Amino acid sequence: MQAAATTHAMTLPQRLKDAFSVAFIALLLGIPMIGLTTTDEGGTALKVLTRWPALALFVAICFVGRLALQVVREALARRRARRPAKAPAQAGSSRLLTVIGWAGVGAALLVPVAFSDNRYAVDLATTVLIYVMLGWGLNVVVGLAGLLDLGYVAFYAVGAYTYALLSTQLGWSFWQALPVAGGVAAFFGVILGYPTLRLRGDYLAIVTLGFGEIIRLILVNWTSFSGGPNGISEIPRPGLFGYNFTPPGSEHSIADLLQIDYSPMQRLFFLYYLILALALLTNLFVRGMRKLPTGRAWEAVREDEIACKALGINTTHIKLAAFAIGAMLGGFAGVFFAARQGFISPESFTFSESAIILAIVVLGGMGSQMGVVLASLVLVLLPELGRDFAQYRMLLFGAAMVLIMVWRPGGILAHRAPTLVYTGPKGDQA
Amino acid sequence: MAQAIQQLINGLTLGAVYGLIAIGYTMVYGIIGMINFAHGDIYMVGAFIAVTSFTLLAAFGVSSVPFALLAVLVVAIAFTSVYGWAVERIAYRPLRASNRLAPLISAIGMSIFLENMVQVTQGARIKPIRPILTGGINLFTQGTFTVRLFETQILIIVTTVALMAGFTWLITRTSFGRQQRACEQDQVVTKVLGYNVDRIISVTFMIGAGLAAVAGVMVTVYYGVVDFFIGFVVGIKAFTAAVLGGIGSLPGAMLGGLIIGLVESFWAAYLSAEYKDVASFAILILVLMFRPTGLLGRPEVEKV
């Protein structure tokens, strides 16, 4: 780490010494985990297995990797020293982002056309969009208002279970349940937020984490209410204006209405466009909120809470609004999730889900709408690409989270610029 | 009555373990003001190292229980503290100067990484070890219920008390302890006085990891089984303990651990075993609502 700070090059012995110490640490770390393991095959008692070749390989990789890292770092430092830091091109990059944004919307609209017979691709794209929507919802809380929420999945679960229960118990349709579930989720957001929002950042994080776990534990244990670990199945799929995407001949079939051939892909396309519409509406809504006094106040509270209080802004109400709106958006996403899966169980709402959504927001760059899309693509597609080595997926996921944070602590698209900038009384640069 | 005393014993044992882990949270929070999210997984790594060491010792035919325990403790503390050091060096030190969220995210990433690393290298199955201490003392019998104090429980409580005594001495009496406390108060001034702040923080992480490793060994001996997922829930409960006692306060961490352990035992025995985790989380929320500085914590003044 020090090598990056100093500009003068290290001598070869220094380099080797540095790489040797890294390799030595790698050896110490590797002995109990890679070098030794226990198995219980063939008997009741554990037996120790040794894997020295794997350990040797690991240590060698660390040694060579460290040497390579030094060279790369020095090259980068030299380049940076030669070229003075250029001023960030703010206006140009934001225009570029707008163009990319519209191109992204266009590409998203064309996904079902491009993959019209690829069920897997459309499904995956739908999953990406669910995470985009969740990311945009959480972005209100974390990115704009600066409140760290580690239990966001609780609101997602509240939305999903509200729809599941309303539809299976009371026969409500998707469109009837959607606003109600959003409202219920927002209500839960207020319930959690009201007593806890005066806490400082890290404490708030842990309280929200605890809240998320409480919701999950209740869903697991209150069997008569939520079906317990078995969850709720046979949740009805969403329809359109009272018509359903069911085979011809059945009641209210869209295929019969429009006199077209039925294909099961139609429902997938419909679900895809539905979540796309929901996500885009979320985006428009959040963009709109940012221009309102409440939205402006979110960013102000994030930057300096004490200054806000001094200006007479009721920070509790502002934070509560962020919490409720974030929760509501999470609830909407939950309704869609339940409707799409047709089956939900507490398994889908664990802490790691919260961590993934938070990672999307933070890795994307807090407050950046585009960053959320980029991070969702990376975090959903990367594990899918890595399917062949499935057991390493989460391992790589965790490592990627650490490395991206160390590499760019502000996120991939660092964007903490306030929406409003004071430019002086006559509009000249102050 | 007899059952209550039994639960008291069980709760104190559990609480001692939580307290040992909570110290790691509270020290790290005290010195760099961040939640070491991977601490629960460091404890899990310690427990796995304990399983491997016990199995190795059994394979070499070591039959002396005190020697085996001591050897495993030393090995587990040594290797786990290297893990603590590495986690700080890789995931936290580069982010010390950046915004508050960044180290938390990298800590969550580290936690996911450690959990899956152990799953990949050690296997996803539950690891059982041969019971090491099986004896116990029957304290008294009331009706059909016999109150029993197991040897493992004595071991855990005695070890914890001894460690706490040693640890308190380290922090209050030694030169390192003074440097550590100075660092907690003001890192810049500590640096100006010529102390190596990076080294103090590293050692703090190693001490926290070492105590977590002791907790890992104790739990391995107590329950006899370990799996790669134990770090998460125990980590959160230990953090709850640290917050309950007042984060940054070392006696507070131990006190908080004992309270959480007792509440969990009694809740599971008298109310409902399914909701015992809800009890811990609910305590956490209630404490933060009504006494955010914890039982023994100092009130903190927010500066502009």
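Remember, predicted model here, so these are calculated numbers, not experimental data.

Conventions and cut-offs
- Residues numbered from 1 in each chain as written.
- Chains lettered and ligands numbered in written order.
- Predicted model: local features only at pLDDT ≥ 70, side-chain atom pairs only at ≥ 80, totals over all residues.
- Heavy atoms only, no water.
- Helix = DSSP H or I, 4+ residues; strand = E, 2+ residues; numbered from the N terminus.
- Buried < 20%, exposed > 50% of the residue type's maximum accessible area, 1.4 Å probe, protein only.
- Contact = heavy atoms within 4.5 Å.
- Areas by Shrake-Rupley, 256 points an atom, 1.4 Å probe, with all protein chains shown as cover.
- Expected span 1.5 Å × (residues − 1).
- Bend = angle between axes of the 7 residues up to and from the residue.
- pLDDT = per-residue confidence, 0-100.
- Salt bridge = Lys/Arg side-chain N within 4 Å of Asp/Glu carboxyl O.
- Polar contact = N/O pair within 3.5 Å; in protein donor to acceptor, adjacent residues only side chain to side chain.
- Core = buried A, V, L, I, M, F, W, Y, C linked by side-chain atoms within 4.5 Å.
- Domains from an automatic or database assignment.
- Axes fitted to C-alpha atoms, helices over the stretch in contact; angles between N-to-C directions.
- Parallel < 35°, antiparallel > 145°, perpendicular 65-115°, else oblique.
- Nonpolar A, V, L, I, M, F, W, Y, C, P; charged D, E, K, R; others polar.
- Patch = residues over 30% accessible without salt bridge, like charges linked within 9 Å, V, L, I, M, F, W, Y side chains within 5 Å.
- Phe/Tyr/Trp six-rings, centres within 6.5 Å; stacked < 30°, edge-to-face > 60°.

Visitor: How should I be thinking about the overall build of chain B in this particular structure?
Guide: Helix and strand counts for chain B come out as eleven helices and four strands. Out of the 304 residues in chain B, the part that is buried amounts to 57%. Looking at chain B alone, contacts between residues at least 24 apart form 74% of all its contacts between residues at least 6 apart. For chain B, the exposed area adds up to about 12,300 Å²; of that, 67% sits on carbon and sulfur atoms.

Visitor: How should the overall build of chain A be read in this particular structure?
Guide: In terms of helices and strands, chain A carries 17 helices and two strands. Within chain A, buried positions represent 46% of all 430 residues. Taking contacts inside chain A between residues at least 6 apart in sequence as the whole, the part at least 24 apart equals 72%. When the accessible surface of chain A is split by element, carbon and sulfur atoms take 67% of a total near 21,300 Å².

Visitor: I keep staring at helix α5 (residues 119–144) of chain A and nothing clicks. Help me out?
Guide: In an α-helix, one full turn covers 3.6 residues, which means residues spaced three or four apart are oriented alike. Residues and elements named next belong to chain A. Given a rise of 1.5 Å per residue, 26 residues ought to cover 38 Å, and the 36 Å separating the end C-alpha atoms of α5 matches this to within 8%. A maximum bend of about 45 degrees is found in α5 at Leu138. Counting buried residues along α5, 22 of its 26 residues qualify, which places the element largely inside the surrounding structure. The first or second residue beyond α5 is Gly146, which carries a positive phi of 70 degrees.

Visitor: Can you help me understand the confidence of the model for chain A in this one?
Guide: All names here are of chain A. The predicted model of chain A has a mean per-residue pLDDT of 80, with 82% of residues at 70 or higher. Averaged over each element, pLDDT in chain A is lowest for helix α1 (residues 2–5) (44) and highest for helix α14 (residues 315–341) (90). Ignoring residues within four places in sequence, the model shows residues 1–7, a span with pLDDT below 50, making six contacts including any to other chains.

Visitor: Could you clarify how one ought to interpret the interface of chain B and chain A in this entry?
Guide: Put simply, an interface is often sized by how much accessible area is lost when its parts join up. Contacts between chain B and chain A engage 66 residues on the former and 58 residues on the latter. Joining chain B to chain A, the criterion identifies zero salt bridges. Taken together, chain B and chain A are joined by seven residue pairs in polar contact (both at pLDDT 80 or more). Put simply, the parts of the chain that give the side of chain B that touches chain A at least two residues each are α2 (39–59), α3 (65–92), α4 (101–122), β1 (127–128), α9 (230–245) and α11 (276–290) of chain B. With 16 residues, the single largest contributor to the side of chain B that touches chain A is α4(B).

Visitor: How do you make sense of the environment of Asp123(A) when you look at a structure like this?
Guide: All names here are of chain A. The topology assignment puts Asp123 in helix α5. Taking the C-alpha atoms as reference, Asp123 lies 9.9 Å from Arg340; in sequence the two are 217 residues apart. Asp123 has contacts with Leu268 and Arg340, leaving out every residue within four places of it along the chain.

Visitor: How should I be thinking about the nonpolar core in this particular structure?
Guide: Proteins that are soluble and globular tend to have nonpolar side chains buried together. Ranked by size, the top nonpolar core spans 214 residues in total, and within it Trp298(A), Ile344(A), Phe349(A), Leu358(A), Ile23(B) and Phe37(B) carry the most contacts. Per element, the largest residue contribution to this core is 16 residues, and it comes from α5(A). Of the domains in this structure, domain 1 (2–81) and domain 2 (118–407) of chain A are the two that each give at least three residues to this core. Residues in contact with Ile344(A), not counting those within four places in the same chain, are Ala160(A), Tyr161(A), Ala164(A), Asn230(A), Gly231(A), Ile232(A), Ile235(A), Phe337(A), Ala338(A) and Phe349(A).

Visitor: Would you mind going over the packing of helix α2 (residues 12–35) of chain A against α4(B) with me for this structure?
Guide: Helix packing geometry: the angle between the two helix axes and the distance between the axes. Where α2(A) meets α4(B), the axes come as close as 9 Å, and the angle between the chain directions of the two elements is 55 degrees. Taken together, the axes of α2(A) and α4(B) are oblique relative to one another. Of the residues in α4(B), those touching α2(A) at Pro32(A), Met33(A) and Ile34(A) are Met117(B), Val118(B), Thr121(B) and Gln122(B). Of the residues in the contact of α2(A) with α4(B), the class split is five nonpolar, two polar and no charged.

Visitor: Sorry if this is basic, but what is going on with the pattern of salt bridges here?
Guide: Oppositely charged side chains can pair when the atoms bearing their charge come close. Within this structure, the stated rule accounts for 14 salt bridges over all chains. Between Glu303(A) and Arg302(A) there is a salt bridge; the shortest N-O distance is 2.9 Å. Residue classification places Glu303(A) among the partly exposed residues on the basis of a relative accessible area of 45%. Residues Lys319(A) and Glu305(A) are paired through a salt bridge, measuring 3.2 Å at the closest nitrogen-oxygen approach. Separated by 14 residues along the polypeptide, Lys319(A) in helix α14 and Glu305(A) in helix α13 (residues 305–310) bring together distant segments of the chain. Overall, the relative accessible area of 24% leaves Glu305(A) in the partly exposed class. Bridged by salt links that share partners, the residues Glu88(B), Arg93(B), Arg96(B) and Asp198(B) form one connected network.

Visitor: Looking at this model, I keep getting lost on the side chain of Lys237(B). Mind explaining?
Guide: Residue and element names in this part refer to chain B. Within the element layout of this structure, Lys237 appears in helix α9. Under the relative-accessibility criterion, Lys237 is labelled buried at 3%. A distance of 2.7 Å separates a polar atom in the side chain of Lys237 from a polar atom in the side chain of Asp277. Beyond its immediate sequence surroundings of up to four residues, Lys237 is in contact with Tyr18, Ile260, Glu264, Lys276, Asp277 and Ser280.

Visitor: Teacher, can you tell me more about a nonpolar patch on the surface here?
Guide: All names here are of chain B. A cluster of nonpolar side chains, namely Ile137, Leu139, Phe140, Ile154 and Val158, defines an oily patch on the protein surface of about 400 Å² accessible area. Sorting the residues of the nonpolar patch by element identifies β2 (136–142) and α5 (151–173) as the ones contributing at least two each. Considering each element in turn, the nonpolar patch owes the most residues, three residues, to β2.

Visitor: How do you make sense of the environment of Leu271(A) when you look at a structure like this?
Guide: Residue and element names in this part refer to chain A. Residue placement: Leu271 occurs in helix α11 (residues 264–291). Judged by its relative accessible area of 3%, Leu271 is buried. Apart from the residues lying within four places of it in its own chain, the contact partners of Leu271 are Pro238, Phe336 and Arg340.

Visitor: Hey, could you run me through helix α15 (residues 351–364) of chain A in this one?
Guide: Residues and elements named next belong to chain A. With 14 residues, α15 extends 20 Å from end C-alpha to end C-alpha; this agrees with the ideal 20 Å at 1.5 Å per step. The buried fraction of α15 is high, at 13 of 14 residues. Just beyond α15, the residue with positive phi is Gly365, at close to 110 degrees.

Visitor: Would you explain the packing of aromatic side chains in this entry?
Guide: The description of an aromatic ring pair uses the distance of the two centres, along with the angle that the planes make with each other. In total, this model carries 20 aromatic pairs over all chains according to the counting rule given. Where Tyr152(A) meets Phe155(A), the ring centres are 6.1 Å apart and the plane angle is 75 degrees; that geometry is what we call edge-to-face. Neither residue differs from the other here; Tyr152(A) and Phe155(A) are each classed as buried. A centroid spacing of 5.4 Å and a plane angle of 75 degrees characterise the contact between Tyr25(B) and Phe239(B), whose relative ring orientation is edge-to-face. Note that Tyr25(B) is positioned in helix α1 (residues 2–32) and Phe239(B) in helix α9, a separation of 214 residues in sequence. Judged by relative accessible area, Tyr25(B) falls into the buried class, the value being 5%. When its relative accessible area of 3% is taken as the criterion, Phe239(B) is described as buried. Put simply, the rings of Phe351(A), Phe37(B), Phe228(B), Phe229(B) and Phe232(B) touch in pairs and so form one group of aromatic residues.

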